[in-house]
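# Working through the structure, step by step
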Amino acid sequence: MYNMKSLLAVSKWLLLALAGAGVMGCAGAPPAKDLMSLDEAAAAAAAAVEAAVPPGAEIAIVQLEAPLPGIADAVADRLNARFVANRNLIVLVRGKALSPVDGEHQFQMSGLVSDESAVGIGHYLGVKAVITGTFERFGNFSQLWVRAVDVKTSRLLAMHSALIRNDDLILAEATKPLGTQKAPAVTKNALAHLN
């Protein structure tokens, strides 16, 4: 059988191999040239969705997960603004504009549900596709994932990721309530990161 020393050696080798391959996602902060503003990220995400959803289709942003509601609102507002300005898709309003209608769906919209629940909300709203997403904040940057899901088939139509500068003015204002809490830094040394 294996003794503890050989298991530790194999574990250390495996960890170093994974870190060297960048599999663990700790390859360091992205170069500044790869980071964009929140508006640029919204424009790129809207373009990705518009390329995958048939022109003229009705869509609704139904679920954006973020550390604070203000961040989710800021991202949703920018996405909606892009969709409306581009005029390729029909955007159905949600949130505050439809609060009486949405009352029974508050739990589903709490961020504790899956894309399948968002599809159910899409059926309720009568849209072709629902837009969901996730916003995560890291030490030197933030990441936005946006997904478009077909309401009838639950098929993933589009998925887009963007890296955002944390010093973006809109993002900085939306994350103010997080205060000076330091998000975990993403470093080049995976072993140090894990320790």
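Each remark here, short or long, concerns the structure printed above.
A brief report on the enclosed structure follows. (Residues numbered from 1 in each chain as written. Predicted model: local features only at pLDDT ≥ 70, side-chain atom pairs only at ≥ 80, totals over all residues. Heavy atoms only, no water.)

So, on to the nonpolar core. Core analysis: the largest hydrophobic core is formed by 33 residues, its most contacted members being Val49, Val53, Ile59, Val75, Leu79 and Phe83. Elements with a contribution of two residues or more to this core: α2 (38-52), β1 (58-65), α3 (69-86), β3 (129-137), β4 (141-150), β5 (156-165) and α6 (169-174). Looking at which element gives the most residues to this core, the answer is α3, with seven residues. Discounting residues that sit within four places of it in the chain, phenylalanine 83 has contacts with Ala46, Val49, Glu50, Ile59, Ile61, Asn88, Leu89 and Val91. Counting residues in each nonpolar core, the second largest holds six residues, with Ala60, Val62, Val130 and Val149 among its members. (Core = buried A, V, L, I, M, F, W, Y, C linked by side-chain atoms within 4.5 Å. Buried < 20%, exposed > 50% of the residue type's maximum accessible area, 1.4 Å probe, protein only. Helix = DSSP H or I, 4+ residues; strand = E, 2+ residues; numbered from the N terminus. Contact = heavy atoms within 4.5 Å.)

So, about the pairing of β5. Examined bridge by bridge, β4 and β5 share nine bridges and lie antiparallel to one another. Bridging from a neighbouring strand, valine 146 pairs with histidine 160 of β5. Where β4 folds back onto β5 in an antiparallel hairpin, the turn is made up of five residues, including serine 154, whose phi is positive at roughly 65°. (Pairing = 2+ DSSP bridges.)

This part covers the sheet that holds β5. Spatially, β2-β1-β3-β4-β5 is the arrangement adopted by the five strands of the open sheet, whose pairing is mixed. Edge positions in the sheet fall to β2 (90-91) and β5, since each has one partner strand and no second. Here six bridges tie β1 to β3, and the two strands are oriented parallel to one another. Paired with isoleucine 61 across the bridge in β3 is isoleucine 131. Lying on the sheet, α2 is in contact with β3, β4 and β5; it crosses β5 at an angle near 170°. The strands that α3 touches are β1, β2, β3 and β4; relative to β1, the one it contacts most, it runs at about 160°. (Axes fitted to C-alpha atoms, helices over the stretch in contact; angles between N-to-C directions.)

A word on the pattern of salt bridges. For the coordinates displayed, the defined rule picks out three salt bridges. The shortest N-O distance in the salt bridge between aspartate 39 and arginine 78 comes to 3.4 Å. Placement of aspartate 39 in helix α2 and of arginine 78 in helix α3 is noted, with a sequence separation of 39 residues between them. In this structure, aspartate 150 and lysine 128 form a salt bridge, with 2.7 Å as the shortest nitrogen-oxygen distance. With a gap of 22 residues between them, aspartate 150 in strand β4 and lysine 128 in the loop between α5 (115-125) and β3 connect regions that are remote in the sequence. What makes lysine 128 partly exposed here is its relative accessible area of 32%. (Salt bridge = Lys/Arg side-chain N within 4 Å of Asp/Glu carboxyl O.)

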